[in-house]
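One-letter residues, chain by chain:
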Amino acid sequence: MRDVAIIATAQTRHVRADTIHSEVELIQPVIAEVIERSGVDRHDFDFTCSGSSDYLAGQPFSFVMTLDAVGAWPPISESHVEMDGAWALYEAWVKIQTGHADTALVYSYGKSSPGDLPRVLSRMMDPYYEAPLWPTSIDVAALQARAAIDAGLTSEQAMADIAYRSRTSAANNPFAQLTSSADPATLLGEDYIADPLRKHDCAPITDGGVAIVLAADDKARALHDRPAWIRGIDHRADGHHLNMRDLSVSPSAAIAAQKAGVANGPIEIAELHANFTHQEAILRAALGLGDDVEVNPSGGPLAANPMMAAGLLRIVEVANRIHSGDVSRGVAHATGGHALQHNLVAVLEGEG
Amino acid sequence: MFYSAALHPGWTGGDDQGGHMPDEATTIGEQDVLRAPLTLEYPFRRTTGPVIGAFFTGLREGRFIGIEDERGRVLCPPVEYDPLTGGPLTKLVAVGSEGEIVNWTWNTNVREGQPFDRPFAWAMVKLDGADTPILHAVDAPREAIATGLRVRARFAAERIGSLADIECFEPVG
Amino acid sequence: MSEPAPIDLPAGLWSQPELDTSAVAELADVESVQSLRAAATLYYDYTPGIATTLFLRALKEKRLTGEVCAESGKVYIPPRGVSPTSGLVTTELVELAHVGTMVGYCIVNLDFTGNAQEIPYVSALILLDGADIPIYGLVREIPYDEVRVGMRLEPVWVEDSELTTSFENIKWWKPTGEPDTSLSDIADYI
């Protein structure tokens, strides 16, 4: 296996709605910034991969237009995933492992504001048995929350505590959208939006994007004093039928964590792509995280949730803390599909 | 604010091509950016195959059909392949039209296309004879909804073989 | 030619295994459902962004604008705000003349437009003078079998009172009558 590291990152200041910029205009400054930070000439990336969603944008092949922001001339080796950028990173990582690339530019973004995101996400459900009823992402999350509470994994109080902790942590994150929270008692006084979920239990609607640069072996060492090495990375998916799995557990996240080697060393921080407060307990259990592990010091998706970027941002937030020397070993998680159906886990380490 | 505030600080038009943009167009405030409603319609017609088709044939006839998995559990609605082993499933079975709520939520933010146009309960209902619950809506007030509540399907008067053949579930008794 | 020997296919792979309907025998007599309508409508409040807004506002004033790549000097229309070859923000816009050369065309014999066009119709790529990328348009006022690459075209606009922030301001393109551009002059674009 080749040693692959993240050696540069950049992200937007995440906002509720960017009503001024097209997707190209939104992501171009981020790509330009990460290229400059990386020290790699933009013609020298061996591979470029992006993640975005046409259903989110309301336009087929929307990601093709975004390639303008990369300056794809002379023609480049490029790919796209209709998924969170964490999977674009995974594809780039595989490309590097095969020896077909030593460096990669990876970016992802999402503008959720133009559409009704929970309704758009209902299109991910089984087209015969579930989608015709238009259950939204919030409805599905609520069913999972009840399953987790009934299984004794979490409680409305614990969920409110997580919302409070996440959004107050985000005060230290200059890119976060929500950076404060009422105290848990006040939060619990609010009405349900989908029993047992209240508004604070849900990630916000966000427009934003992120970009990273990957490099392998000595190239990474030449480009950064303290590369964020990807020691292990794996992704697994459970079935998509809501009724065929136990929503209170995430076997795919557990297997991904085991294959990525989470348990091979101490975990200092975990950035988890938990869009709903009840999911943190499910993921802690699946990843085997002890109570001493700090979860989502960045605030996590509860503080900023740009669709298609929030998963890659978890990896970025761990990488940034490794770059700065604050952390030596952390785990990042990204998810796709409803109710933690598809999960990617990455273990990142800094040396020394 | 937004990330790139000064994307278009100004521009120059060639003099020999007649005139240039008025100055006010070079500053772009939020109110100046064009917006328009965009509606995407996907008129899909999906083929069902014999297994999924059997479920909808059953609905049209006012009954529920499930399928046995490799361990003999009854999956309703039926699926073509065993969720654990991936093996093809073939044994269709009849499943009751009554069952109990095993999971639920109360939807306050009603959206187009959902079973009701006012707040309602989503529920996972384990029909009698099935080992997996079916997702649908329950016509009952918020106070009546609870895990364990027995409900029965209310079939639509006119049925064509679609999910809408089930209007909703309602409490029994 | 003799019949090929039958192939023994693995069950459940290439062939759909036979369903066991013995427990639901009463369904055997009714017509089975084979497909269903699964229509979906999604609604968006869409913005095309700054560059396209500026372009469309100019178009409403019957102005055709292109953006200049700072690296190559090439002119792209419609502007995207970013040069596709350099990835750099474009800050220079230029106004382009209302005349160009056809660099590609297609004679369409199928009705894709819901009866909005008479069949056959000509769709074309028009390279405006000064631009380095063609734009799309319809070509009319010439028999479809007389169109050719290199011919000179100019836009036919809607009435001034009908101008909006839309490409529909240009109804179609018609021949100017000028001599054709030689193919060698547009070799990079055809």
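Note that the structure is predicted; figures quoted are calculated from it, not measured. (Residues numbered from 1 in each chain as written. Chains lettered and ligands numbered in written order. Predicted model: local features only at pLDDT ≥ 70, side-chain atom pairs only at ≥ 80, totals over all residues.)

**Some words on the overall build of chain A**
Each helix and strand counted, chain A has 12 helices and 12 strands in total. Its C-alpha atoms put chain A at 55 × 45 × 35 Å along the principal axes. The 352 residues of chain A split such that 65% are buried. (Helix = DSSP H or I, 4+ residues; strand = E, 2+ residues; numbered from the N terminus. Buried ≥ 20, exposed ≤ 12 C-beta atoms within 10 Å, placed from the backbone.)

**What about the interface of chain C and chain B?**
Each side of the interface is counted separately: chain C has 44 residues, and chain B has 47 residues. The leading source of residues in the side of chain C that touches chain B is strand β2 (residues 40-46) of chain C, at 7 residues. Here the side of chain C that touches chain B is composed, by residue class, of 25 nonpolar, 12 polar and 7 charged. In terms of strand pairing, strand β2 (residues 45-47) of chain B meets strand β1 (residues 35-37) of chain C through 3 bridges, oriented antiparallel. Paired with Thr-47 of chain B across the bridge in β1 of chain C is Ser-35 of chain C. (Contact = placed C-beta atoms within 7 Å. Nonpolar A, V, L, I, M, F, W, Y, C, P; charged D, E, K, R; others polar. Pairing = 2+ DSSP bridges.)

**Overview of the interface of chain A and chain C**
With 25 residues of chain A in contact, the opposing surface of chain C contributes 23 residues. Taken together, the residues that form the side of chain A that touches chain C break down as 13 nonpolar, 7 polar and 5 charged.

**A closer look at the domain arrangement of chain A**
Residue and element names in this part refer to chain A. Assigned domains within chain A: domain 1 (4-113 + 205-228) and domain 2 (117-202 + 229-349). Relative to domain 2, the C-alpha centre of domain 1 lies at a distance of 22 Å. Contact residues are listed per partner, giving 38 residues for domain 1 and 31 residues for domain 2. For the side of domain 1 that touches domain 2, the secondary structure elements donating two or more residues are β1 (4-11), α2 (54-57), α4 (85-97), β4 (103-111) and β7 (207-216). For the side of domain 1 that touches domain 2, the element with the highest residue contribution is α4, accounting for 6 residues. Per-class residue counts for the side of domain 1 that touches domain 2 are 18 nonpolar, 15 polar and 5 charged. (Domains from an automatic or database assignment.)

**Focus: the packing of helix α10 (residues 251-260) of chain A against helix α11 (residues 279-287) of chain A**
A pair of packed helices is captured by two measures, namely the crossing angle of their axes and the spacing between those axes. Residue and element names in this part refer to chain A. Two numbers describe how α10 lies on α11: the axes approach to 8 Å, and their chain directions differ by 40°. The pairing of α10 with α11 is recorded here as oblique in orientation. Seen from above, α10 lies across α11 with right-handed handedness. Counted together, Ala-253, Ala-254 and Ala-257 of α10 and Leu-283, Ala-286 and Leu-287 of α11 form the full contact between these two elements. Across the contact of α10 with α11, the residue classes tally to 6 nonpolar, no polar and no charged. (Axes fitted to C-alpha atoms, helices over the stretch in contact; angles between N-to-C directions. Parallel < 35°, antiparallel > 145°, perpendicular 65-115°, else oblique. Left-handed = near helix turned anticlockwise from the far one by under 90°.)

**With respect to the nonpolar core**
Counting residues in each nonpolar core, the largest one holds 166 residues, and the members touching the most others are Val-106 and Leu-214 of chain A. Counting contributing residues per domain, this core is built from domain 1 (4-113 + 205-228) and domain 2 (117-202 + 229-349) of chain A, each supplying no fewer than three. In contact with Leu-214 of chain A, other than residues within four places in its own chain, are Val-4, Ile-6, Ala-92, Trp-93, Ile-96, Thr-103, Ala-104 and Val-106 of chain A. Core analysis: the next-biggest nonpolar cluster, separate from the first, contains 22 residues, Ala-124, Ile-135, Leu-153 and Trp-173 of chain C among them. (Core = buried A, V, L, I, M, F, W, Y, C linked by C-beta atoms within 7 Å.)

**Observations concerning the sheet that holds strand β4 (residues 74-75) of chain B**
Residue and element names in this part refer to chain B. Spatially, 3 strands are ordered β4-β3-β5 in an open sheet, and the strand pairing comes out antiparallel. Sheet topology places β4 and β5 (92-95) at the edges, where each strand pairs with a single neighbour. When strand β3 (residues 64-68) meets β5, the two strands line up antiparallel, connected through 4 bridges. Across the sheet, Ile-67 pairs through a bridge with Leu-92, a residue of β5.

**Thoughts on unusual backbone geometry**
That bond from Asp-195 of chain A to Pro-196 of chain A is cis: its omega, 10°, falls within 30 degrees of zero. The amide bond that connects Cys-76 of chain B to the next residue, Pro-77 of chain B, takes the cis arrangement and shows omega of 0°. Mapped onto the secondary structure, Pro-77 of chain B falls in the loop between β4 and β5. The phi torsion at Glu-141 of chain C lies on the positive side, around 65°, for a residue other than glycine. Within the secondary structure, Glu-141 of chain C is located in the loop between β8 (135-139) and β9 (152-157).

**So, α4 of chain A**
All names here are of chain A. Compared with the 18 Å implied by 1.5 Å per residue over 13 residues, the 18 Å span of α4 between its first and last C-alpha is a close match. For α4, the full list of buried residues reads Gly-85, Ala-86, Trp-87, Ala-88, Leu-89, Tyr-90, Ala-92, Trp-93, Lys-95 and Ile-96. Phi turns positive one or two residues past the end of α4, at Gly-99, with a value near 85°. (Expected span 1.5 Å × (residues − 1).)

**What to know about the environment of Asp-3 of chain A**
Residue and element names in this part refer to chain A. Looking at where Asp-3 falls in the secondary structure, it is placed in the segment before β1. Expressed as a C-alpha distance, the spacing of Asp-3 and Thr-277, which sit 274 residues apart in the sequence, is 34 Å. Residue contacts for Asp-3: discarding those within four places in its chain leaves Ala-216, Asp-217, Ala-220 and Trp-229.

**Looking at the sheet that holds β7 of chain A**
All names here are of chain A. If you walk across this open sheet you meet the 10 strands as β3-β2-β4-β7-β1-β8-β12-β11-β9-β10, and the pairing is mixed. The sheet is open, and its two edges are formed by β3 (78-81) and β10 (294-295), each paired on a single side. Direction of pairing for strand β9 (residues 269-271) relative to strand β11 (residues 329-336): parallel, over a ladder of 3 bridges. Opposite Ile-269, over in β11, you have Gly-330 as the bridge partner. Here helix α1 (residues 23-38) sits on the sheet and contacts β1, β4 and β7; the angle it forms with β7, its principal contact strand, is near 30°. Relative to strand β12 (residues 342-349), α10 is tilted by about 25°, and along the sheet it contacts β8 (228-237), β11 and β12.

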